[in-house]
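Overview (structure and organization)
Spelled out from the first residue to the last, the chains are:
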Amino acid sequence: VALMLLSVPRICAVPGMAPLTIAGQRLQPGAYGFGFIAGNKMVVMDIGGNEIFRVATTHDESIARPTPLQILSDATSGTRLYLGRDFVPLSPAVR
């Protein structure tokens, strides 16, 4: 399993900047590692390697050209973080 780094902006006082919600789990500003793991899951860890949470991923057969890592957004499905055809929904957290 390859792990990637995710940086959530720390400047939450700036209008439009907010913590992030990943599949319903709130993620405070900071630096994190994450990876898509077996069992259709995504794990998020702090930079010390401590697990913060796991969320279920969804498989999307309709995506025309899956790439190793991408963020796609549209009016009907919202914003999604993809690894290949598997994704988790992303959204700004409610303050």
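Source: prediction; values computed, not measured.

A word on the side chain of Q70
- For Q70, the location among the structural elements is in strand 8 (residues 70-74).
- The contacts of Q70, once residues within four sequence positions are left out, are I63, R65, R80, L81 and Y82.

Here we look at the pattern of salt bridges
- Enumeration according to the criterion identifies two salt bridges in this entry.
- Across the pair E51 and R54 runs a salt bridge, and its minimum N-O distance is 3.0 Å.
- We classify R54 as partly exposed; its relative accessible area is 48%.
- Of the charged contacts in the structure, one is a salt bridge between D60 and R80, with a shortest N-O distance of 3.4 Å. Highlighted residues: D60 in the loop between strand 7 (58-59) and strand 8 and R80 in strand 9 (residues 78-83), separated in sequence by 20 residues. R80 matches D60 in its accessibility class, with the two residues each being buried.

Some details on the confidence of the model for the protein chain
- With 81% of its residues at a pLDDT of 70 or more, the protein chain has an overall mean of 83.
- In the model, residues 10-14 has pLDDT below 50 throughout and makes nine contacts with residues more than four positions away in sequence or in other chains.

Brief notes about the packing of aromatic side chains
- One pass over the structure, following the stated rule, counts one aromatic pair.
- Here Y82 and F87 contribute two aromatic rings whose centre-to-centre distance is 5.2 Å and whose plane-to-plane angle is 45°, an arrangement assigned as tilted.
- Here R80 stacks its cationic end above the ring of F87, 3.9 Å away from the centre of that ring.

Digging into the environment of I63
- With respect to the element layout, I63 can be found in the loop between strand 7 and strand 8.
- As for I63 and D86, which are separated by 23 residues in sequence, their C-alpha atoms are 9.7 Å apart.
- The contact partners of I63, leaving out residues within four places of it in the chain, are Q70, L72, Y82, G84 and R85.

Side note on the pairing of strand 10 (residues 86-92)
- Note: strand 2 (residues 20-22) against strand 10, three bridges, orientation antiparallel. Residue I22 lies in a different strand from strand 10, and its bridge partner there is L90.
- Where strand 7 meets strand 10, two bridges bridge the pair, whose relative direction is antiparallel. Along strand 10, the bridge assignment pairs H59 with D86.

Some thoughts on the environment of L20
- As for its placement among the helices and strands, L20 is situated in strand 2.
- C-alpha of L20 to C-alpha of L90: the two residues are 70 residues apart in sequence and 7.1 Å apart in space.

What counts, and where the lines are drawn
Residues numbered from 1 in each chain as written. Predicted model: local features only at pLDDT ≥ 70, side-chain atom pairs only at ≥ 80, totals over all residues. Heavy atoms only, no water. Helix = DSSP H or I, 4+ residues; strand = E, 2+ residues; numbered from the N terminus. Contact = heavy atoms within 4.5 Å. Salt bridge = Lys/Arg side-chain N within 4 Å of Asp/Glu carboxyl O. Buried < 20%, exposed > 50% of the residue type's maximum accessible area, 1.4 Å probe, protein only. pLDDT = per-residue confidence, 0-100. Phe/Tyr/Trp six-rings, centres within 6.5 Å; stacked < 30°, edge-to-face > 60°. Lys NZ or Arg CZ within 6 Å of the ring centre and 35° of its normal. Pairing = 2+ DSSP bridges.

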